[in-house]
Amino acid sequence: MTYKYNPVRIKKLEKTLLVRWNDGREDEITYEKLRDECPCASCKTESASKENYIPIKSPFKAAGFYDINKIIPVGNYAVNITWKDGHDTGIYSWDILRNLGENK
Ligand SMILES: [Zn+2]
């Protein structure tokens, strides 16, 4: 799998992920946005059902919900983000990261 844009650097900052791209662009994506847009199947299902039902949103998130524990490269096309609340099924492809960076 190849993507037009590839990160040349991904760095964890305090509240944001800094992504520098091969075209020179630089994005800071907040952890909150990354987590809210988690592309894994269970999060996708949750957000899909939110569109169909009136969501009962809890203002309380588990500790570490918006905090990154570690970032693991997946092949040369994505990263797997492990959150401090233990959630670790989100695979963020370069396309997804780029979209998140461009749509702030
Ligand atoms: Zn998820």
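The structure this text deals with has already been given above.
Structure report, in brief. On a predicted model such as this, the values are computed, not experimentally measured, just so you know.

All right, on to the overall build of the protein chain then. A tally of regular secondary structure across the protein chain gives three helices and six strands. Secondary structure of the protein chain in N-to-C order comes out as β-β-β-α-α-β-β-β-α. Across the 104 residues in the protein chain, those meeting the buried criterion constitute 17%. Restricting to contacts in the protein chain with at least 6 residues of sequence separation, those with at least 24 account for 38%.

Now for the nonpolar core. Leu17, Ile29, Leu34, Ile81, Tyr92 and Leu97 are the most contacted members of the largest nonpolar core, which totals 13 residues. Counting only elements with at least two residues in this core, the list comes to strand 2 (16-21), helix 1 (31-36), strand 5 (78-83) and helix 3 (94-102). Element by element, the count of residues in this core is highest for strand 5, at four residues. In this structure, Ile29 is in contact with Thr16, Leu17, Val19, Leu34, Leu100 and Gly101, ignoring residues within four places of it in sequence.

All right, on to the environment of Val19 then. Summarising the element assignment, Val19 is placed in strand 2. Taking the C-beta count within 10 Å as the criterion, Val19 has 23 such neighbours and is therefore assigned buried. On a C-alpha basis, the gap between Val19 and Leu97 in space is 8.4 Å, while along the polypeptide they are 78 residues apart. The contacts of Val19, once residues within four sequence positions are left out, are Pro7, Ile10, Asp27, Ile29, Leu97 and Gly101.

Here is what the cut-offs are and how they apply
Residues numbered from 1 in each chain as written. Predicted model: local features only at pLDDT ≥ 70, side-chain atom pairs only at ≥ 80, totals over all residues. Helix = DSSP H or I, 4+ residues; strand = E, 2+ residues; numbered from the N terminus. Buried ≥ 20, exposed ≤ 12 C-beta atoms within 10 Å, placed from the backbone. Contact = placed C-beta atoms within 7 Å. Core = buried A, V, L, I, M, F, W, Y, C linked by C-beta atoms within 7 Å.

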